[in-house]
Amino acid sequence: MNLIFLGPPGAGKGTQAEMFAAARGLKQLSTGEMLRAAVKAGTEVGKRADAVMKTGGLVSDDIVIGIIADRIDEPDCQGGFILDGFPRTLAQASALDRLLDEKGKTLDAVVEIRVDDAALIERISGRYSCAKCGAGYHDLHKQPKTEGVCDQCGATEFTRRADDNAETVKKRLLAYYRETAPLIGYYYAKDHLKSVDGMAAIDDVARQIDQALS
Ligand code: AMP
């Protein structure tokens, strides 16, 4: 099963993609994560992406399309994948159509996670992750079971993303509405769209996604 999880920053795409991927044996592919890894590693792609990501803009289509084109050929994607944060522009969506076609793969569904704008800033500013394994947490919505200890790997160091601040979040939201929201109509017209209410509790959203895709 090959899926796209679509929604504004803070909608819960990463959290839901992680849960659904684990439950169904799919590979979660987050272009944001891959770009942050490239920035950290200081690669050529990382150097080109770094300044744009800091301002909340979108990295150029050719960079992210190149990353995904290579990544979905890897053995760990052959049992199915969830694209989390890609595509983000109509050009990326068309490139993905072509890529899947060329590789003889199909897109099974696009899950749109709907969230009120007002909730997004609060959601984003409260989030953090384990510095060791990357597991995601939130000050209000998802604390580790033991305070200060990662549920998944037991590490005690956590980090917050540099672009998860109120000013950059507004720019990321603008980029979403300008460039990414048109994809909702694009995938609706292709009969791929399944919309869920992302304002519900994390487990409720997961149940909705499960039902929508069963
Ligand atoms: P995310 O982790 O999905 O919120 O992505 C973090 C940042 O990475 C975004 O604000 C963009 O600057 C960049 N980014 C991630 N995915 C894409 C994409 N598909 N197209 C362009 N830029 C992207």
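Right, let's walk through the structure included here. Bear in mind that the values here come from a model prediction, so they are computed numbers and not experimental data.

## Observations regarding the site of the ligand
In step 1: Within the structure, the ligand sits among 16 residues, and Thr 31, Gly 57, Gly 85, Arg 88 and Gln 92 are positioned closest to it.
In step 2: A distance of 2.8 Å separates a nitrogen atom of the ligand from a polar atom in the side chain of Thr 31.
In step 3: Arg 36 places a polar side-chain atom, nitrogen or oxygen, 3.0 Å from an oxygen atom of the ligand.
In step 4: Relative to its unbound accessible surface of 480 Å², the ligand loses 96% to contact with the protein.
In step 5: Ranked by the residues each element gives to the shell around the ligand, the list is headed by helix H2 (residues 31-41), at four residues.
In step 6: Of the residues contributing to the shell around the ligand, the split by class is six nonpolar, five polar and five charged.

## Overview of the sheet that holds strand S6 (residues 136-138)
In step 1: The strand order across the open sheet formed by three strands is S6-S5-S7, and the pairing between neighbours is antiparallel. The sheet is open, and its two edges are formed by S6 and strand S7 (158-159), each paired on a single side.
In step 2: Bridging between strand S5 (residues 127-130) and S6 involves three bridges; their strand directions are antiparallel. The residue of S6 that forms the bridge with Arg 127 is His 138.

## Remarks on the sheet that holds strand S4 (residues 109-114)
In step 1: In spatial order, the strands read S2-S3-S1-S4-S8; together these five strands make up an open sheet with parallel pairing. The two strands at the open ends of the sheet, each matched to only one other strand, are strand S2 (27-30) and strand S8 (193-197). Mean inter-strand twist for the sheet, computed between neighbouring axes without regard to direction, equals 20°.
In step 2: Bridge analysis of S4 against S8 gives five bridges, and the strand direction is parallel. Counterpart to Glu 112 in the pairing with S8 is Ser 195.

## Details of the side chain of Asp 84
In step 1: You can see Asp 84 is positioned in strand S3 (residues 81-84).
In step 2: Summary of buried charges: Asp 84 has no salt-bridge partner, and the nearest side chain of opposite charge, Lys 13, is 5.1 Å away.

What counts and what doesn't
Residues numbered from 1 in each chain as written. Predicted model: local features only at pLDDT ≥ 70, side-chain atom pairs only at ≥ 80, totals over all residues. Heavy atoms only, no water. Near = heavy atom within 4 Å. Polar contact = N/O pair within 3.5 Å; in protein donor to acceptor, adjacent residues only side chain to side chain. Areas by Shrake-Rupley, 256 points an atom, 1.4 Å probe, with all protein chains shown as cover. Helix = DSSP H or I, 4+ residues; strand = E, 2+ residues; numbered from the N terminus. Nonpolar A, V, L, I, M, F, W, Y, C, P; charged D, E, K, R; others polar. Pairing = 2+ DSSP bridges. Axes fitted to C-alpha atoms, helices over the stretch in contact; angles between N-to-C directions. Buried < 20%, exposed > 50% of the residue type's maximum accessible area, 1.4 Å probe, protein only. Lys, Arg positive; Asp, Glu negative; His and termini not counted. Salt bridge = Lys/Arg side-chain N within 4 Å of Asp/Glu carboxyl O.

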